[in-house]
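# Architecture and fold: a report
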Amino acid sequence: QAERQAVLVGFNQTQVEYPAHRDLYDLFAEQVRKTPTRTALADSQRILSYEELDQQVSRQAARLRRLGVVRGEPVALWSERSVEGVVAILAVLRLGAHYVPLPTDAPVQRLFSMIHDSGVRAVLSVTPPDWLDRVAGLGHVSCSLIATPAEAVEESISPVDPDSLACIHYTSGTSGQPKGACITHRGLV
């Protein structure tokens, strides 16, 4: 009977409480406060603590703010998987904006379709400069997110509603037209 109960009920009890009332950046900021010196992010060339990652995110958020990025705005992100890409995502979320990842290998027409459909004004690149040529003709702002140490650190902003958009991911477009899947902070958490 105990084994039967464990198999039928116990193993299927996968419900876990999670902070559904919090946004993703707020949870990151909490982790920075709790474990500032612990490793947050690493690649083959560097290791960043939570505090170091937060400092980079702050500089990038300040730069994005100066470029006119505001709360609730979609920001396209042109990046391979990298430390800089994670910094860019967190910087966008810190401002209360949401990101739209652009596939680096997509044809220009597909990129244009995604940018137009999502209402993006800014295409931010953290990739090698030669890739910028592919998006330069789209008529949107392109900039590198490589920060200089002299940039000001922006103060924290208030948390966003958990039902606010965090990102818009586009489908592969197998039906002919990519569709944007809107993902909220609550969904990511």
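Scope of this entry: the structure provided in the associated data block. Everything numeric here is computed off the predicted structure, so don't read it as measured data.

We now examine the overall build of the protein chain. A count of helices and strands for the protein chain gives seven helices and eight strands. Taking all 189 residues of the protein chain together, 39% fall into the buried category. Partitioning the intrachain contacts of the protein chain with sequence separation of at least 6 by distance along the chain shows that 65% fall at a separation of at least 24. Working note: accessible area of the protein chain is about 10,700 Å², and carbon and sulfur atoms make up 53% of it.

Along the chain, D23 falls in the loop between α1 (2-8) and α2 (24-34). When the C-alpha positions of D23 and R186 are compared, they lie 6.6 Å apart, and in sequence the two are 163 residues distant. Discounting chain neighbours no more than four positions away, the residues touching D23 are P159, V160, H185 and V189. Within polar-contact distance, the side chain of D23 engages the backbone nitrogen of D26 at 2.8 Å.

We now examine the nonpolar core. Core analysis: the biggest nonpolar cluster contains 26 residues, and Y25, F28, L53, V57 and L64 have the highest contact counts within it. Setting aside anything within four residues of it in sequence, one finds V57 in contact with Y25, V87, L90, A91 and R94. Counting residues in each nonpolar core, the second largest holds twelve residues, with A76, L102, A106 and Y170 among its members.

Within the secondary structure, E73 sits in the loop between α3 (50-66) and β3 (74-78). For E73, a relative accessible area of 8% corresponds to the buried category. Not counting the four nearest positions on each side in its chain, E73 is found in contact with G68, A97, H98 and R121.

In the structure shown here, the tally under the stated rule is eight salt bridges. Note that E84 and R46 form a salt bridge whose closest N and O atoms lie 2.8 Å from each other. Of the two residues, E84 sits in helix α4 (residues 83-94) while R46 sits in the loop between β1 (39-42) and β2 (47-49), which places them 38 residues apart along the sequence. The class of E84 is partly exposed, set by a relative accessible area of 25%. Residues joined by salt bridges that share partners form a network here, namely R22, D26, E30 and K34.

Here is what the cut-offs are and how they apply
Residues numbered from 1 in each chain as written. Predicted model: local features only at pLDDT ≥ 70, side-chain atom pairs only at ≥ 80, totals over all residues. Heavy atoms only, no water. Helix = DSSP H or I, 4+ residues; strand = E, 2+ residues; numbered from the N terminus. Buried < 20%, exposed > 50% of the residue type's maximum accessible area, 1.4 Å probe, protein only. Contact = heavy atoms within 4.5 Å. Areas by Shrake-Rupley, 256 points an atom, 1.4 Å probe, with all protein chains shown as cover. Polar contact = N/O pair within 3.5 Å; in protein donor to acceptor, adjacent residues only side chain to side chain. Core = buried A, V, L, I, M, F, W, Y, C linked by side-chain atoms within 4.5 Å. Salt bridge = Lys/Arg side-chain N within 4 Å of Asp/Glu carboxyl O.

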